[in-house]
Amino acid sequence: MGLIDQALGFHANALALRARRNEVLASNLANAETPGFQAKDMNFAETLRAMEGNGQRDGLRGATLQRTDPGHLEAPVRRSGGGVELLYRQPTQPAADGNTVEAHIEKAAFLENAAGYEATLRFLDGRVKGIMTALRGDSA
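Summarised in this report is the structure supplied together with it. (Residues numbered from 1 in each chain as written. Predicted model: local features only at pLDDT ≥ 70, side-chain atom pairs only at ≥ 80, totals over all residues. Heavy atoms only, no water.)

1. Regarding the overall build of the protein chain
- The helix and strand tally for the protein chain stands at four helices and two strands.
- When the helices and strands of the protein chain are listed from N to C terminus, the series reads α-α-β-α-β-α.
- Within the protein chain, the fraction of its 140 residues that count as buried is 28%.
- At a minimum sequence separation of 6, the contacts of the protein chain that also span at least 24 residues come to 69%. (Helix = DSSP H or I, 4+ residues; strand = E, 2+ residues; numbered from the N terminus. Buried < 20%, exposed > 50% of the residue type's maximum accessible area, 1.4 Å probe, protein only. Contact = heavy atoms within 4.5 Å.)

Okay, structure coming up:
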């Protein structure tokens, strides 16, 4: 485990996992009118716990995040048979066409996950600023 991994802790994995979950939830919302579409989600806490329990600091290998510059670091993404384990959501009222997306549930999950993403991002920002302050030797 590198020094950056130690400094950022599990929050870097949490950020990547939350980004992946946002993609899944957005896909559900985009397919709300697609006949037969099955809404999916992941168990965020369980997946993150499993990654950390296995010592996988790069536990998210394989996500569909794209590097747009050769200088960018690869985002960690966990592979579990082709990606993060996705579970089918059990609808309270499935549509007659077989679609299981319930927009109000997906929107609520998306907003909750987005808030968690922002909180994790702010935490990481504070941690990086603290590291930069320490490296510069600034005293407050």
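2. Quick look at a nonpolar patch on the surface
- There is a patch of nonpolar side chains on the surface, built from Val128, Met132 and Leu135 and spanning about 290 Å² of accessible area.
- Within the fold, methionine 132 resides in helix H4 (residues 103-136). (Patch = residues over 30% accessible without salt bridge, like charges linked within 9 Å, V, L, I, M, F, W, Y side chains within 5 Å. Areas by Shrake-Rupley, 256 points an atom, 1.4 Å probe, with all protein chains shown as cover. Salt bridge = Lys/Arg side-chain N within 4 Å of Asp/Glu carboxyl O.)

3. Thoughts on the side chain of arginine 18
- Counting through the fold element by element, arginine 18 comes out in helix H2 (residues 11-30).
- Here arginine 18 sits buried without a salt bridge, and the closest side chain of opposite charge, glutamate 112, lies 6.6 Å off (N-O distance).
- If near-sequence neighbours (up to four positions away) are discounted, arginine 18 is found in contact with Phe44, Asn113, Gly116, Tyr117 and Thr120. (Lys, Arg positive; Asp, Glu negative; His and termini not counted.)

4. A look at the pattern of salt bridges
- For the structure shown, the criterion picks out six salt bridges.
- Two residues, arginine 89 and aspartate 41, come together in a salt bridge whose shortest N-O distance is 2.9 Å. With arginine 89 in the loop between strand S2 (87-88) and H4 and aspartate 41 in strand S1 (residues 40-41), this residue pair connects regions lying 48 residues apart in the sequence.
- Here lysine 129 ties to aspartate 125 by a salt bridge, and the two come within 3.1 Å at their closest N and O atoms. Taken together, the residues span about one helical turn, with lysine 129 and aspartate 125 both in helix H4 at a distance of four residues.
- Residue classification places lysine 129 among the exposed residues on the basis of a relative accessible area of 51%.
- A single salt-bridge network, built from bridges that share partners, covers Arg21, Asp41, Arg89 and Glu106.

5. Observations concerning the side chain of asparagine 113
- Within the element layout of this structure, asparagine 113 appears in helix H4.
- Exposure remark for asparagine 113: the relative accessible area of 0% places this residue in the buried category.
- Non-local contacts of asparagine 113, meaning those with residues more than four positions away in its chain, are made with Arg18, Arg21, Asn22 and Leu25.

6. Overview of the packing of H2 against H4
- Between H2 and H4, the shortest axis-to-axis distance is 9 Å and the interhelical angle comes to 155°. Relative to H4, H2 is oriented roughly antiparallel. For the element pair H2 and H4, the recorded crossing hand is left-handed.
- Of the residues belonging to the contact of H2 with H4, the class tally is 15 nonpolar, six polar and four charged. (Axes fitted to C-alpha atoms, helices over the stretch in contact; angles between N-to-C directions. Parallel < 35°, antiparallel > 145°, perpendicular 65-115°, else oblique. Left-handed = near helix turned anticlockwise from the far one by under 90°. Nonpolar A, V, L, I, M, F, W, Y, C, P; charged D, E, K, R; others polar.)

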